[in-house]
Amino acid sequence: MNPNSSSSYNLTATAVFFSSSYSGSDEPLFSRRLLFLRDVQILELLIAISVFVTIHSLRQKKHQGIPVWPFLGMLPSLAFAVRSNIYEWLSEVLIHQDGTFRFRGPWFSSLNSVITCDPRNIEHLLKTRFSIYPKGSYFRETLRDLLGDGIFNADQEKWQRQRKTASVEFHSAKFRQLTSQSLHELVHDRLLPVLETSETIDLQDILLRLTFDNVCMIAFGVDPGCLGPNLPEIPFAKAFEDATEATALRFVMPTFAWKLMRSLNLGAEKKLKESIKGVDDFADEVIRTRKKELSLETEIEKRSDLLTIFMGLRDDNGDKFSDKFLRDICVNFILAGRDTSSVALSWFFWLIEKNPEVEERIMVEICKILEQRDHQGYTEEEMDYEPVFRPEEVKKMDYLQAALSETLRLYPSVPVDHKEVLEDDVFPDGTKLQKGEKVMYAIYAMGRMETIWGKDCLEFRPERWLRGGRYMSESAYKFTAFNGGPRLCLGKDFAYYQMKYVAAAIIYRYRVRIDVKSGPKVEPKMALTMYMKHGLKVNMIKRSVPEIDNYYDQCHKGYKYNNGD
Ligand code: HEM
């Protein structure tokens, strides 16, 4: 006999006994008993169904990586993950599912998608079959309020035109000259004086200010002066951060839900609307100022920053681009150039504090490069203790570049990215995709896959990027921090130069130590780029002259690390 049915019978019988004994009603005892019996059976049935559904849903985890609930799909697990660390959660699922799985959202939602971190699939969608994997309508719609038709959020001709124009600018000698000039000014006239006067700082905030000023200078020819004495309050910065955070939330909500919230102006959507207003105010001001300056400039002094070039172009109808489109260009380039390298540098400083031997090797490398200088015309102070790095010296910093790449492998500035399938297709790993399906590639998870990086994938080991002491790049489909294929990051070379220049200038002068008293642990925030949720509160400890000399001594003596791998 089934033990379950026996216990259910006893329960029913007991209930009926109590019901008949204590009832004072005039209803016939038999019909009351029947009614009660029916109630209890329904209750039991519901409990039995719930138990069955729970067991069945939880068992789905074995095959699908995540429990799948009726109606809700995998949403409950996602909602739970959003509250902790969504990137770690995604990595665990992907490791368990050999690199690819299908996320099933609630039946009424638009959340279904294939998620992958398999390099073969990533090469397939970013390069081999690029034409059938655009960003797609879902992605564009979700990001439209913030990014409009800018380069990150455009497909086909709209994207091609922006890419071509920006690419010519980014590869010009003038651009290179502008980047090294602006960086020199920002680091030596603003960053270092600010660090000089502060002991405990939020380094992420300082770096965001630096890269914001830098991208505005090189892309729009304006200097917002965000990094300066007393660190002025910049309403744009807060608005922009809030806007990227609220926009990212849309990706974990059913489309109808955020649209409803938007039309009712509620919750995160209310915050998004307000913050976009702050972003627009800044972009409008940049465009207005630039237009005014342009009308006053003579032919000779005409500038050639990216915004000015776009202002001179015409659309398909022969009309000048609208202010709205120029606004989109501004916002997209700020997202590209401000957030990415500053958050990467923040994770870098956090990682090297945990790995002091890496910091030592960077110091030895810098000292070795400075040793090779021709000292003529410089004082010892300028040469050895307050050096201004030259572009050719920055280029030689192979170990530093390896440490930055290792940072981006583990903490990529863009942790996940999205595509849509235009026609039925099959991934190299055998996953079948249907027209219209969404695809996410999990760049953060890639750095945690033993199948890609080996058993020590979780270790911070810059040496994995060196061959014979020289930095060696990896395939863009294994190291996808800068994307790959036709949409490879346009600012990659500039970003490495900028990060190396800033990192070397700081490390040479300071030991950067986490301020443990300053509160919560370091963890990523869920936004479009991987900000540190609570910033990076650090103490800046100035290196003494004997300490720096000690590194020079180590160079002379043939230091144990000889810049080899
Ligand atoms: C550590 C620094 C950086 C990282 C990790 C990074 C990463 C990326 C990634 C992942 C994409 C692809 C985004 C997508 O298509 O959804 C991208 C695109 C792009 N990046 Fe970067 N980026 C960095 C710095 C920069 C800088 C400093 C600039 C410019 C000042 C820049 C300009 C661009 C542009 C214009 C695109 C769009 C390319 C296209 O869609 O054709 N990036 N970047």
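Model, not experiment: these values are computed from the prediction.

Analysis parameters
Residues numbered from 1 in each chain as written. Predicted model: local features only at pLDDT ≥ 70, side-chain atom pairs only at ≥ 80, totals over all residues. Pairing = 2+ DSSP bridges. Helix = DSSP H or I, 4+ residues; strand = E, 2+ residues; numbered from the N terminus. Axes fitted to C-alpha atoms, helices over the stretch in contact; angles between N-to-C directions. Contact = placed C-beta atoms within 7 Å. Buried ≥ 20, exposed ≤ 12 C-beta atoms within 10 Å, placed from the backbone. UniProt positions renumbered as here; feature names shortened; annotations may be inferred. Near = placed C-beta within 6 Å. Nonpolar A, V, L, I, M, F, W, Y, C, P; charged D, E, K, R; others polar. Core = buried A, V, L, I, M, F, W, Y, C linked by C-beta atoms within 7 Å. Arc of directions from axis to C-beta.

Enquirer: So what's going on with the sheet that holds strand β3 (residues 200-202)? Which residues, and what values?
Expert: Strands sit in the order β3-β11-β10 across an open sheet of three strands; the sheet is antiparallel. Lying at the two open borders of the sheet, with one neighbouring strand each, are β3 and β10 (510-514). Each neighbouring strand pair of the sheet contributes to a mean axis angle of 40 degrees, computed without reference to strand direction. Pairing of β3 with strand β11 (residues 537-542) involves three bridges; the strand directions are antiparallel. Across the sheet, the residue bridging to Thr-200 is Asn-539, located in β11. The strands touched by helix α9 (residues 203-220) within the sheet are β3, β10 and β11, with β3 carrying the most contacts at an inclination of about 55 degrees. Running at roughly 90 degrees to β10, helix α14 (residues 323-354) makes contact with β10 and β11 of the sheet.

Enquirer: Account for unusual backbone geometry, naming residues and giving values.
Expert: Positive phi, close to 50 degrees, is recorded for Gln-156, a residue that is not glycine. Residue position: Gln-156 is located in helix α7 (residues 156-170). Here Gln-156 falls in the exposed class, since 10 other C-beta atoms lie within 10 Å of it. Backbone geometry places Asn-265, a non-glycine residue, at a positive phi of 55 degrees. C-beta crowding within 10 Å serves as the criterion here: with 11 such atoms nearby, Asn-265 is assigned to the exposed category.

Enquirer: Describe in detail the UniProt feature "binding site: heme" (unreviewed entry) in the chain, supporting the description with residues and values.
Expert: If you check UniProt for "binding site: heme" (unreviewed entry), the listed places come out as Cys-489 in our numbering. Residue position: Cys-489 is located in the loop between β9 (470-471) and α21 (492-509). Note on Cys-489: 17 C-beta atoms within 10 Å, which makes it partly exposed. Other than its neighbours up to four places away in sequence, Cys-489 contacts Phe-482 and Asn-483.

Enquirer: Could you give an account of the site of the ligand, naming the residues involved and the relevant values?
Expert: For the ligand, the set of nearby residues contains 23 residues, the closest of which are Ala-336, Gly-337, Thr-340, Cys-489 and Gly-491. Of all elements in the fold, only α7, α14 and α21 reach the threshold of two or more residues within the shell around the ligand. Here the element with the most residues in the shell around the ligand is α14; it accounts for five residues. Each residue belonging to the shell around the ligand can be placed in one class, and the counts come to 14 nonpolar, six polar and three charged.

Enquirer: Requested: an account of the nonpolar core, with residues and values cited.
Expert: Ranked by internal contacts, the top residues of the largest apolar core, which has 143 residues, are Cys-330, Ala-442, Ala-503 and Ala-504. In this structure Cys-330 touches Phe-220, Ala-283, Val-286, Ile-287 and Leu-307, once residues within four positions along its chain are discounted.

Enquirer: Describe helix α4 (residues 86-96), listing the residues and the values that go with them.
Expert: All of the buried residues in α4 are Ile-86, Tyr-87, Leu-90, Ser-91, Val-93 and Leu-94. For α4, the buried positions fall inside an angular range of 165 degrees around the axis, keeping them on one side. Phi turns positive, to about 55 degrees, at Asp-98, one or two residues after α4.

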